[in-house]
Amino acid sequence: MKAWEVVIGIETHAQLSTQAKIFSGSSTAFGAAPNVQANAVDLALPGVLPVLNKGAVECAIRFGLAVGAEIAPRSVFARKNYFYPDLPKGYQISQYELPVVVGGKLTIQLGESEKVVTLARAHLEEDAGKSLHEGQGQHFHGRSGIDLNRAGTPLLEIVTEPDMRSAAEAVAYARALHALVRWIGICDGNMQEGSFRCDANVSVRRVGQTQLGTRREIKNLNSFRFMQQAIDYEVQWQIATLEEGGTIEQATVLFDVDSGETRAMRSKEDAHDYRYFPDPDLLPLLIDRQWVERVAAQMPELPTAKRERLLAEYALSDYDAKLLTSSLEMAAYYEAAVAVAGAANAKACANWVMVDLTARLNKEDREIDESPVSAEQLGGIVLRIADGTISTNIARKVFDALWNGDGNSADEVINKHGWQQISDSDALESTIDALLAANPTMVAEFRAGKEKAFNALVGQAMKMTRGKANPQQVSELLRKKIT
């Protein structure tokens, strides 16, 4: 493996979050019965003309701004000619020589290090329909059919340079891109519904070689796990083939999730095979500076800017800030919790979100926006730890109660169960006196230098108060009485 270098480029189709298709007024809603969301334009009936969806263009502008790309003042739609049953016109309207977004960069996280992936372009295009075969849906038993609901759905195809050198880097890029398009609101990122699909162009070459090897394109990878598996298998297959004296032929391949193998679907087409030419029914797309500025004014705070603000305002570590801005939902949850707990408790909120909340979400396979404990409830827990109402141990009980629906707020749960922390010195002193009287051996061991004996005494005190004593106060009183 060390004698070979892996070269990977990714093409991603992000379905844009518009209510209508890119060239018609048909709905883009998912899950409708076959062919009920396909009008005359989508069906390519004679005499119909496409009309460009302004919202799709603004999604492309938002993406270009987010990755620091050039927004082309003039771009052109082209006809990409190929013949599939689910392509009614016999061509796809796309962009070729003059795309709407040119260049750009996306930073990915690889453990403790970062890498910048260069983007080549992002262009607007329409999706094709979908061929359904026997066993795929209730409407096609024993036969094949065409569902044109997806035909004309707006896509932004985002293409990288061949910058990635491993499956891990490719997955890190896909995850970062997925988070970004959701963050800026241009794509819902639902991979199961086909809203975010990646194609991986994979080749290998000898270490030190500058010329790219022959690539094979793995199509329609709709999960990060499958992307990792597919690229790893493809790399191993290409290396084994070359080391055995074989050659790699350019091809489009599919990943079989059952066998864990890639298999060739067809020989890979080049651009000239599609006979691109400008679409005569669509004028060039002109985007002036004022339009870009209007879109920029509506952009959310981007992840990098939010990360820098969290570092400055809340004195978080770089690790914390990166993790808390890994998704828009995570960042929004965290800041809503801090709004309740107060900026002075920002670090404590970060710990609760990144440790306790994340662990529980992972255990139950939930996303953060599905958390039974709201950001405001979590902020309330942190606030009550900070003001001494409850201990950290009791706070976890409060968290569990809220998770299970036992109350609407931290205060309600604390009052309901009588979980207020015992901080009264007189009450604690009487408990500790009784403890010391009952455990002379532990006291003697501590006085002999055994620190474990002291920790055991603290534990016994907490047990006697059912975890409601202030641990720091217990420690101070114990040391005062036996030293």
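Our structure's up above, just so we're on the same page.
A quick note: this is a predicted structure, and the numbers were derived from the prediction, not measured.

Counting through the fold element by element, G111 comes out in the loop between β7 (105-110) and β8 (113-126). With 61 residues separating them along the chain, G111 and A172 place their C-alpha atoms 9.9 Å apart.

Let's shift gears to the layout of surface pockets. In this approach, a probe sized like a water molecule rolls over the atoms, and the result shows the empty space that is left. One number sums up the size of the second largest pocket: a volume of about 1,900 Å³. Lining the second largest pocket we find 49 residues, and of these R175, A176, A179, S326 and S327 sit closest to its centre. Mapped by element, the contributors of at least two residues to the lining of the second largest pocket are β7, α2 (167-183), α3 (224-243), α5 (303-314), α6 (318-324), α7 (328-341) and α8 (346-363). For the lining of the second largest pocket, the element with the highest residue contribution is α2, accounting for 8 residues. Here the residues of the lining of the second largest pocket are counted per class, giving 19 nonpolar, 15 polar and 15 charged.

Nonpolar side chains in soluble globular proteins generally cluster together in the buried interior. Grouped together as the largest cluster of nonpolar side chains are 71 residues, with contacts concentrated most on F63, L124, Y173 and I231. No other element matches the 10 residues that α2 contributes to this core. For I231, the contacting residues outside a window of four places in its chain are I8, A167, A170, A200, V202 and I218. Counting residues in each nonpolar core, the second largest holds 36 residues, with C349, V353, V382 and A401 among its members.

For the rest of this paragraph, the subject is the packing of α7 against helix α9 (residues 375-386). The interhelical angle for the contact between α7 and α9, taken along N-to-C directions, is 45°, at an axis separation of 7 Å. Between α7 and α9, the interaxial angle falls into the category oblique. As for the relative orientation of α7 and α9, their crossing is right-handed in sense. Contacts between α7 and α9 involve Y333, A336, A337, V340 and A341 from the first element and A375, E376, L378, G379, G380, V382 and L383 from the second. Its residues assigned to classes, the contact of α7 with α9 comprises 9 nonpolar, 2 polar and 1 charged.

So, on to the packing of helix α10 (residues 392-403) against helix α11 (residues 410-417). Where α10 contacts α11, the two axes come as close as 10 Å, and the packing angle between them is 110°. It follows from the interaxial angle that α10 and α11 lie roughly perpendicular. From α10, V398, A401 and L402 reach across to α11, where they touch A410, V413 and I414.

Another point: the sheet that holds strand β16 (residues 277-278). Ordered by their spatial adjacency, 3 strands build an open sheet running β5-β4-β16, and the pairing between neighbours is antiparallel. Edge positions in the open sheet fall to β5 (91-95) and β16, since each of these has one partner strand only. Pairing of strand β4 (residues 77-81) with β5, which is carried by 5 bridges, proceeds in the antiparallel orientation. Residue A78 lies in a different strand from β5, and its bridge partner there is S94.

Within the chain, N220 stands out as a residue other than glycine whose phi angle is a positive 55°. One can find N220 in strand β13 (residues 216-221). The phi dihedral of R275 is positive, around 50°, even though this residue is not glycine. Looking at where R275 falls in the secondary structure, it is placed in the loop between β15 (261-267) and β16.

The next point concerns helix α1 (residues 54-66). Between its first and last C-alpha atoms α1 spans 19 Å; for 13 residues at 1.5 Å apiece the expected length is 18 Å, and the two agree. Among all positions of α1, only A56, V57, C59, A60, I61, R62, F63, G64 and A66 are buried. Taking the backbone nitrogen of G55 as reference, a side-chain oxygen 2.8 Å away marks N53 as the first, capping residue of α1. G68, located one to two residues past α1, shows a positive phi value of around 70°.

Right, let's get into the packing of aromatic side chains. Counted according to the given criterion, the structure contains 9 aromatic pairs. Between F226 and F255, the ring centres sit 6.2 Å apart and the planes meet at 50°, which makes this aromatic pair tilted. Here F226, found in helix α3, pairs with F255, found in strand β14 (residues 251-256); they are 29 residues apart in sequence, far enough to count as distant. Residue classification places F226 among the buried residues on the basis of a relative accessible area of 19%. Where Y314 meets Y334, the ring centres are 6.1 Å apart and the plane angle is 80°; that geometry is what we call edge-to-face. Residue Y314 is found in helix α5, and its partner Y334 is found in helix α7; the two are separated by 20 residues along the sequence. In terms of burial, Y314 and Y334 fall into one category: buried. Clustering of aromatic rings is evident, with ring pairs tying together Y82, Y84, Y96, Y274 and Y276. Over the face of the ring belonging to Y91 we find K89, whose NZ or CZ atom lies 5.6 Å from the ring centre.

Right, let's get into a negative patch on the surface. Taken together, the side chains of D365, E367, D369 and E370 present a region of like negative charge at the surface. Assignment of secondary structure puts E370 in the loop between α8 and α9.

We now examine the pairing of β15. Bridging between β14 and β15 involves 6 bridges; their strand directions are antiparallel. Pairing of D256 across the sheet is with E261, part of β15. Joining the antiparallel neighbours β14 and β15 is a turn of 4 residues, in which G260 adopts a positive phi near 75°.

A few words now on the pattern of salt bridges. Summed over the entire model, instances satisfying the criterion amount to 27 salt bridges. Of the charged contacts, one joins D127 and R150 as a salt bridge, the two residues approaching to 2.8 Å between their closest N and O atoms. Here R150 lies in the loop between β10 (145-147) and β11 (154-160) and D127 lies in the loop between β8 and β9 (130-132), a separation of 23 residues in the sequence. Judged by its relative accessible area of 10%, D127 falls in the buried class. With relative accessibility at 18%, the residue R150 sits in the buried group. In this structure, the salt-bridge partner of E335 is R309, at a minimum N-O distance of 2.7 Å. Note that E335 is positioned in helix α7 and R309 in helix α5, a separation of 26 residues in sequence.

Analysis parameters
Per chain, the residues get numbers from 1 upward, laid out in the order the sequence is written. For a predicted model such as this one, the threshold for reporting local features is a pLDDT of at least 70, and the threshold for listing and counting side-chain atom pairs is 80 or more; totals across whole chains, interfaces and linings nevertheless cover every residue. Only heavy atoms go into the side-chain values, all of them from the structure, while hydrogens and water stay out. Numbering of helices and strands runs from the N terminus, with a helix taken as a DSSP run of H or I at least four residues long and a strand as a DSSP run of E at least two residues long. Space inside and on the surface of the protein is sampled on a 1 Å grid over the protein atoms alone, with a cavity defined as a set of points where a 1.4 Å probe fits but cannot get out and a pocket as an open set with protein on both sides within 12 Å along at least 5 of 7 lines; lining residues have an atom within 4 Å of a point. Grid points are joined across faces, edges and corners, and a volume is the space filled by probe spheres set on the points. Under the grouping applied here, Gly and all other residues not named as nonpolar or charged are polar, the nonpolar ones being Ala, Val, Leu, Ile, Met, Phe, Trp, Tyr, Cys and Pro and the charged ones Asp, Glu, Lys and Arg. By nonpolar core is meant a set of buried Ala, Val, Leu, Ile, Met, Phe, Trp, Tyr and Cys residues that side-chain atoms within 4.5 Å join together. Residue exposure (1.4 Å probe, protein chains only): buried if accessible area is under 20% of the type maximum, exposed if over 50%, otherwise partly exposed. Working rule for contacts: check all heavy atoms of both residues, and any pair within 4.5 Å makes them a contact. Fitted lines through C-alpha atoms give the axes, limited to the stretch in contact for helices. The angle between two N-to-C directions lies from 0 to 180 degrees. Reported orientations rely on four angle classes, namely roughly parallel under 35 degrees, roughly antiparallel over 145, roughly perpendicular from 65 to 115, and oblique for the rest. Left-handed describes a crossing whose near helix is turned anticlockwise from the far helix by less than a right angle; the clockwise case is right-handed. Paired strands, as defined in this entry, are two strands with at least two bridges between them according to DSSP. Here a helix's expected span is defined as the number of its residues, less one, multiplied by 1.5 Å. Polar contacts here mean pairs of N or O atoms no more than 3.5 Å apart (in protein, one a potential hydrogen donor and the other a potential acceptor; neighbouring residues in sequence count only if both atoms are side-chain atoms). Aromatic rings from Phe, Tyr and Trp, with only the six-membered ring used for Trp, were paired whenever their centres fell within 6.5 Å, and each pair was classed as stacked if the ring planes differed by under 30 degrees, edge-to-face if by over 60, and tilted otherwise. Throughout this description, the term charge over a ring refers to an Arg CZ or Lys NZ atom that lies within 6 Å of the ring centre and within 35 degrees of the ring normal. Each patch is built from residues lacking any salt bridge and having more than 30% relative accessible area; the joining distance is 9 Å for like charges and 5 Å for nonpolar side chains (Val, Leu, Ile, Met, Phe, Trp, Tyr). Accessible surface area values rest on a Shrake-Rupley calculation with a 1.4 Å probe, where residue burial reflects the displayed protein chains alone. Just to be clear on terms, a salt bridge is a Lys or Arg side-chain nitrogen sitting within 4 Å of an Asp or Glu carboxyl oxygen. All tallies of charge rest on Lys and Arg as positive and Asp and Glu as negative; His and the ends of each chain are not included. A charged residue contributes its charge at one atom only: NZ of Lys, CZ of Arg, CG of Asp or CD of Glu.

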